[in-house]
Amino acid sequence: MKNSPLYYSVGPLLYCPANHTDIADSIIQEKFGTKYSLALCLEDTINDRFVAQAETVLIRSLQQIYTSSELLSFFIPKIFIRVRRSAQIKPLMHRLGKAADLLTGFILPKFDPQNADDYIQTIVEINHDSDKPCYIMPIMESPVMIDLKKRADVLYEIKEKLNSIEELVLNIRVGGNDLCHAFGFRRHCNESIHGISPIAGIFSDIITVFGTDYVVSGPVWEYYNKEGWDTGLNRELADDRLCGFIGKTVIHPKQISLVNQAYAVSPEDLKDAEAVLNWDADNPSFVSGSPDKRRMNEYKTHVNWAEKIIYLSEIYGVCQPTHPPVSE
């Protein structure tokens, strides 16, 4: 399990096509707030014939943000570039110049055993030549993961390859829309992706393989307007948390606050986590009632959960109580 708040801090990852010319101004003016990360996408959101143009706009946007940051004080989110292939990474870094310092890392789509080695070698070389870590977030969305007979082998092969640079893998991400596309699925705003059994099965296998060692982030939510979009997002976020996802891909600024609220820690969980982590090592019993006498705390089985709760509380804060205090 990751033992640093950094890996839990990506939170709502706002996707933006890299050819949006107003993204720099939006960041400088803090139009999206101060609790989100940003993905500038050169992949599926860009027409194949206009990738070079999008790269130029992206370079210009990041250089504008960098220049402005030397003159003004404003929130700069974790910024990632979603590339199409490993060969894009080094030329982009070179063209960015000093503005490359703004980058937290790269998002690697359709990550699978066939492209993993090239991506990993490129990131190793980038980090060898830099004083600042450059992280990656590979996306588990390749069609090779759909084949049930091969899925476990594919996922474990990917994990074995990533383990060589584990500290540079900020999150594992899942491509809900790409996986749904393979089946011709699309959920409505009153439906959770976790209710689509074939997709939920793939998610479960990804969490099973990666969840003990990596932070795995939740799939994109497409709805951002009209009745029910927020209720649906909250429902899916609850499913995300229950299934082990931390953070979520978002496509509109209106979604950001809901994701942050969903990962805020309840006072009950925080008190229990602190109690577990502060357990008296000389106590003959490793089990007791929770501080509010509502449930059981057991040191040996709840310590990993407790550490995650502390990290989440540091990043997302503490929400309002969900249950009234229980009297003695």
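Refer to the structure above for everything that follows.
Residues numbered from 1 in each chain as written. Predicted model: local features only at pLDDT ≥ 70, side-chain atom pairs only at ≥ 80, totals over all residues. Heavy atoms only, no water.

**Considerations on the packing of aromatic side chains**
Under the counting rule described, the total for this entry stands at twelve aromatic pairs. Aromatic side chains F111 and Y119 sit 5.9 Å apart centroid to centroid with 25 degrees between the ring planes, which places their arrangement in the stacked category. With respect to class, F111 is no different from Y119; both count as buried. Relative to Y214, the ring of F210 has its centre 6.0 Å away and its plane inclined at 65 degrees; by these criteria the two rings are edge-to-face. Comparing F210 with Y214, the two get one shared label, buried. Among the aromatic residues, those joined into a ring-pair cluster are F32, Y36 and F75. One cation-aromatic arrangement involves K2 over Y7; the distance from NZ or CZ to the ring centre is 4.6 Å. (Phe/Tyr/Trp six-rings, centres within 6.5 Å; stacked < 30°, edge-to-face > 60°. Buried < 20%, exposed > 50% of the residue type's maximum accessible area, 1.4 Å probe, protein only. Lys NZ or Arg CZ within 6 Å of the ring centre and 35° of its normal.)

**Focus on the pattern of salt bridges**
Where charged atoms of side chains with opposite charge meet at close range, the side chains can pair. Going through the model one piece at a time under the given rule, you end up with 20 salt bridges. Close ionic contact of K110 with D44 constitutes a salt bridge, the shortest N to O distance being 3.3 Å. Of this pair, K110 sits in the loop between strand 4 (103-108) and helix 4 (113-128) while D44 sits in the loop between strand 2 (37-41) and helix 2 (51-69); the two residues are 66 residues apart in sequence, bridging distant segments of the chain. Taking the relative accessible area as the measure of exposure, K110 reaches 24% and is therefore partly exposed. (Salt bridge = Lys/Arg side-chain N within 4 Å of Asp/Glu carboxyl O. Helix = DSSP H or I, 4+ residues; strand = E, 2+ residues; numbered from the N terminus.)

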